[in-house]
Every structure is written in C-alpha cells, then in structure tokens.
Amino acid sequence: AFHQSQTTGELWVTHGRARRVLLLRRGVVVGARSNIESEDLTTLALRRNVMSVEEFTAVRDDVVSRAKANVVDAILARGLMPEETLRALALEHAKRIALGAFRWHEGTMKVTLQGSATREAVPVRLAVGEIVVRGILLTEGDDALKAVLYLGYVASISHGRILPAH
C-alpha cells in the first residue's frame, strides 16, 4: 500500500516503551530510527569495526549535547568513514530496525504523513515489499514464503535475494 500510494511520512511501531520508526519517501524506506540502544547506528558501526570506541563516544556526545542533530550528521561532520561505508551501514541499520518489528507480537502502529524522511542526510532505498517478505520468512518460515510467492507478491528469490513483484 505504501508503494502504490507513494506515501511520504513515518511508520511508527511501538511495543511498550520501545519504538521503531521507518522513514518513507514516495513509498520507499529511506531511513530508520529506534530508541533501542542495541539498534543504534553507532552500536552497529562499533560491532562492524568501522568506528573506534573513542569515535563512538565522540559521536554520541555530539548528539547528546545537540552539537549535531543526529548520528549520521555527527559521523559526516567528523569525516569518520567514507560515504559508501556509511551508506551501507545505514542500509543494514534500516533493515535491522524494520525486521525487528516483526518479532513483536503486540504493540501499536501508526502512520504520519509528515516527518523527517525528506531530510535524510544519507538516504537508503529499501522497498517496503522486501521488508514484508523478509519479515514473513523471519517469523513464519519457508512455507509462508512459498505461499507469498504463489500469490504473486514476490517475483522470485535468487541467491538469497528477494525480488518483490511490481
């Protein structure tokens, strides 16, 4: 529905105090936010060894002190990694946040038609259909994915890559 309607805005998914937000621009996920510390972009960068502990601390300090609006702005301002590396990290970050919502069996969801999606400093392009199909595979397994294929929601799966039907 987001792709067909070319929705620009935010999709909020909450579970208790935990919050995940997908930023949508014209029906495509361009970024993601989460208040779950283990899903923070700096935590992912540290785990992937593309940021040192000192850089991690400096970026977090920049955001907490409001010297920079967000983690991406702080990373870019400090020149901590090539933009290609940051873009790949941001894409993995968005996928992790989106797929994490599938693990919640209860909570709330809301869509707002305003927000920060149009201001993403390093936008990613992640099809909502891909997230849904990967979420089905993650939570339901192969039989459910075969049913989705049968119904025509997915064009094919090749070498672990899901190609949504358009």
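Residues numbered from 1 in each chain as written. Predicted model: local features only at pLDDT ≥ 70, side-chain atom pairs only at ≥ 80, totals over all residues. Heavy atoms only, no water.

*Asks:* What exactly am I supposed to notice about the overall build of the chain here?
*Replies:* Helix and strand counts for the chain come out as seven helices and seven strands. Ordered by position from N to C terminus, the α and β elements of the chain give α-β-β-β-α-α-α-α-β-β-α-α-β-β. Each of the 166 residues in the chain was classed as buried or not, and the buried ones make up 40%. Counting contacts in the chain only where the partners sit at least 6 residues apart, residues at least 24 apart contribute 58% of the total. When the accessible surface of the chain is split by element, carbon and sulfur atoms take 52% of a total near 10,000 Å². (Helix = DSSP H or I, 4+ residues; strand = E, 2+ residues; numbered from the N terminus. Buried < 20%, exposed > 50% of the residue type's maximum accessible area, 1.4 Å probe, protein only. Contact = heavy atoms within 4.5 Å. Areas by Shrake-Rupley, 256 points an atom, 1.4 Å probe, with all protein chains shown as cover.)

*Asks:* Can you help me understand the pattern of salt bridges in this one?
*Replies:* Once their charged atoms are close, side chains differing in charge can pair, the charge on each being opposite to the other. Evaluation of the coordinates by the stated rule reveals seven salt bridges. Put simply, arginine 60 and glutamate 37 hold a salt bridge, and the shortest N to O gap is 3.7 Å. Placement of arginine 60 in helix α3 (residues 53–64) and of glutamate 37 in the loop between β3 (28–34) and α2 (41–47) is noted, with a sequence separation of 23 residues between them. Notably, a salt bridge pairs arginine 96 with glutamate 92, separated by 2.9 Å at the nearest N-O pair. With arginine 96 and glutamate 92 both in helix α5 (residues 83–100) and four residues apart, the pair spans about one turn of that helix. Classification of arginine 96 as partly exposed rests on a relative accessible area of 41%. For glutamate 92, a relative accessible area of 23% corresponds to the partly exposed category. A single salt-bridge network, built from bridges that share partners, covers Glu37, Asp40 and Arg60. (Salt bridge = Lys/Arg side-chain N within 4 Å of Asp/Glu carboxyl O.)

*Asks:* Explanation requested: the pairing of β3 in the structure shown.
*Replies:* For a regular strand, side chains alternate in direction, first toward one face of the sheet and then toward the other. The buried fraction of β3 is high, at six of seven residues. Inspection of the sheet shows strand β2 (residues 18–25) paired to β3 by six bridges, in the antiparallel sense. Residue pairing for β3: valine 21 is matched across the bridge by arginine 33. Joining the antiparallel neighbours β2 and β3 is a turn of two residues, in which arginine 26 adopts a positive phi near 50 degrees. (Pairing = 2+ DSSP bridges.)

*Asks:* What should I look at first to understand the nonpolar core in this one?
*Replies:* For soluble globular proteins, nonpolar side chains are generally found buried alongside one another. Leu41, Met51, Val59, Ile75, Met81, Leu86 and Leu89 are the most contacted members of the largest nonpolar core, which has 14 residues in total. Elements with a minimum of two residues in this core: α2, α3, α4 (71–78) and α5. For this core, the element with the most residues is α4, which contributes four residues. The contact partners of methionine 81, leaving out residues within four places of it in the chain, are Ala45, Val50, Met51, Ile75, Leu86 and Leu89. (Core = buried A, V, L, I, M, F, W, Y, C linked by side-chain atoms within 4.5 Å.)

*Asks:* Can you walk me through the side chain of glutamate 39 in this structure?
*Replies:* Along the chain, the position of glutamate 39 falls in the loop between β3 and α2. We classify glutamate 39 as buried; its relative accessible area is 14%. A polar side-chain atom of glutamate 39 sits 2.4 Å from a polar atom in the side chain of arginine 20. Among all residues touching glutamate 39, those that are not within four sequence positions of it are Arg20, Ser34, His93, Arg96 and Ile97. (Polar contact = N/O pair within 3.5 Å; in protein donor to acceptor, adjacent residues only side chain to side chain.)

By themselves these figures say nothing about function.
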